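Examining the three-dimensional arrangement
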Amino acid sequence: LVGEGDAGGRRGGEGAGRRARVVHHVRTVMAELGENAVLDAIDRGTDEGGPTGRHWVLDPIDGTKGFLRGDQYAVALGLLVDGEVVLGVLGCPNLPHDLADPDGLRGCLFVAVRGQGTFVRSLDDPTERRISVSDLTDAREASFVESVESGHSSHGDAARIAELLGVEAPPVRIDSQCKYATVARGDAAIYLRLPTRKDYQEKIWDHAGGWCVVTEAGGRVTDAWGRELNFSLGRTLRDNKGVVATNGALHD
C-alpha cells in the first residue's frame, strides 16, 4: 500500500493530542481497535512502490483544503501491477451530478478498469452508466479546470496557455482529483496542473486513480512536455513535470 501520510507526527508525547483525536474518530467506526492498531494501520501506507508487484495507491482525502471548506475533495484509489495503472476509483462526495446545477444532487463514484471503460454512479444508487470525454475539437470552445490553490498549479501559466489556444471561458477551479472526473465525463476538455517550482515532484497518489478514469473514458494524460506519466519509479513521478489531461482530440 502506497499512501499519503503516516503516523509519525502522532506518536510520542508531542503528538498526544492529535493521536487521541484520531483514535477517537476511528473507534466510532471500528470500536475494537486500540491505539497502537490505529497507528499501525496508518503506517501501512509507507511502501515505496516500484516497477514490480501489486501496489494499491491511496489518497484518503485528496484536496484537504477543499474538504475543510466543505467543498470538493476525493477519496482516490489506484491499483498498479508491475508499475502500470490497471484500476482507478474516485469517490467524490460533494461533486454535483451535473456541474451546471451546483445546487442539485451531489456525490459521485467513478470506476475505471484498464481496457473496460469508465463508469459513474451516484453514492446512493448502485446503477452505473458509462461515461466518455467530450468530442470537442475546437480549442476556442474548450473549458478547462485547474487547482483552486495557486501553490499547486501556476494560474499565470494556465492563463497564458488559454490565451494562446483562444479559450474564452474562464477556468473552473476545483480541488482534488475531481478535476480528472470532470474531464472524464465531458464537463471540461482540459485539465492543467503546471509546476510552480522546478524541484517539485508529483506524487503518484495524486494522479493514479484520475489517470485511469480519464484514459478509460477516451481522454489522454501526459506531463507538460507530452511524456507519458511513469508510475513505476516509486512514490513520485520524478521523471515527469506537470500534468496535462484532455479529451484526447485537443491534446497534441
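Structural data are supplied above this passage.
What you see is a predicted model; the values in this text were computed from it and never measured.

**Digging into the layout of surface pockets**
- Size it by volume and the largest pocket reaches roughly 1,200 Å³.
- Together, 40 residues line the largest pocket, and E4, D59, P60, I61 and D62 are the ones closest to its centre.
- Of the residues assigned to the lining of the largest pocket, the class counts are 17 nonpolar, 11 polar and 12 charged.
- Taken as a whole, the second largest pocket spans an internal volume of roughly 290 Å³.
- Lining of the second largest pocket is provided by 17 residues; of these, L192, V244, L250, H251 and D252 occupy positions nearest its centre.
- Sorting the residues of the lining of the second largest pocket by element identifies helix 4 (155-165), strand 10 (190-193), strand 11 (220-222) and strand 12 (243-246) as the ones contributing at least two each.
- Looking at the lining of the second largest pocket element by element, the count peaks at three residues for helix 4.
- Considering only residue class, the lining of the second largest pocket consists of nine nonpolar, four polar and four charged.

**Brief notes about helix 6 (residues 208-216)**
- The buried fraction of helix 6 is high, at eight of nine residues.
- The set of residues buried in helix 6 consists of A208, G209, G210, W211, C212, V213, V214 and E216.
- Looking one or two residues past helix 6, G218 carries a phi angle of roughly 100°, positive in sign.

**Quick look at the side chain of N240**
- Within the fold, N240 resides in the loop between strand 11 and strand 12.
- At 3.1 Å, the side chain of N240 and the backbone oxygen of E228 are in polar contact.
- Not counting residues within four places of it along the chain, the set of residues in contact with N240 comprises D223, R227, E228, L229 and N230.

**Thoughts on the packing of helix 1 (residues 16-27) against helix 2 (residues 35-43)**
- Viewed as axis vectors pointing N to C, helix 1 and helix 2 meet at an angle of 95°, and their least axial separation amounts to 10 Å. By the angle between their axes, helix 1 is roughly perpendicular relative to helix 2. Two secondary-structure elements touch here, helix 1 through R19, V22, V23 and V26 and helix 2 through E35, V38, L39 and I42.
- Split by residue class, the contact of helix 1 with helix 2 holds six nonpolar, no polar and two charged.

**A few points about the packing of aromatic side chains**
- Counted by the stated rule, this structure contains three aromatic pairs.
- With a centroid separation of 4.9 Å and an interplanar angle of 85°, the aromatic rings of F67 and Y73 are classed as edge-to-face.
- According to the relative accessible area criterion, F67 is partly exposed, its value standing at 35%.

**A short note on the pattern of salt bridges**
- One pass over the structure, following the stated rule, counts 14 salt bridges.
- A salt bridge links D40 to R11; its shortest N-O distance comes to 3.2 Å. Taken together, the residues span a long stretch of sequence, with D40 in helix 2 and R11 in the loop between strand 1 (2-3) and helix 1 at a distance of 29 residues.
- Owing to a relative accessible area of 45%, D40 belongs among the partly exposed residues under this scheme.
- In this structure, E35 and R19 form a salt bridge, with 3.3 Å as the shortest nitrogen-oxygen distance. Residue E35 is located in helix 2, and its partner R19 is located in helix 1; the two are separated by 16 residues in the primary sequence.
- On the basis of relative accessibility, which here comes to 13%, the residue R19 falls in the buried class.
- Taken together, the salt bridges that share partners define one network made up of R11, D40 and D43.

Cut-offs and rules
Residues numbered from 1 in each chain as written. Predicted model: local features only at pLDDT ≥ 70, side-chain atom pairs only at ≥ 80, totals over all residues. Heavy atoms only, no water. 1 Å grid on protein atoms, 1.4 Å probe; cavity = no way out; pocket = protein on both sides within 12 Å on 5 of 7 lines; lining within 4 Å. Points joined across faces, edges and corners; volume = space filled by probe spheres on them. Nonpolar A, V, L, I, M, F, W, Y, C, P; charged D, E, K, R; others polar. Helix = DSSP H or I, 4+ residues; strand = E, 2+ residues; numbered from the N terminus. Buried < 20%, exposed > 50% of the residue type's maximum accessible area, 1.4 Å probe, protein only. Polar contact = N/O pair within 3.5 Å; in protein donor to acceptor, adjacent residues only side chain to side chain. Contact = heavy atoms within 4.5 Å. Axes fitted to C-alpha atoms, helices over the stretch in contact; angles between N-to-C directions. Parallel < 35°, antiparallel > 145°, perpendicular 65-115°, else oblique. Phe/Tyr/Trp six-rings, centres within 6.5 Å; stacked < 30°, edge-to-face > 60°. Salt bridge = Lys/Arg side-chain N within 4 Å of Asp/Glu carboxyl O.

The analysis is restricted to geometry; functional conclusions fall outside its scope.
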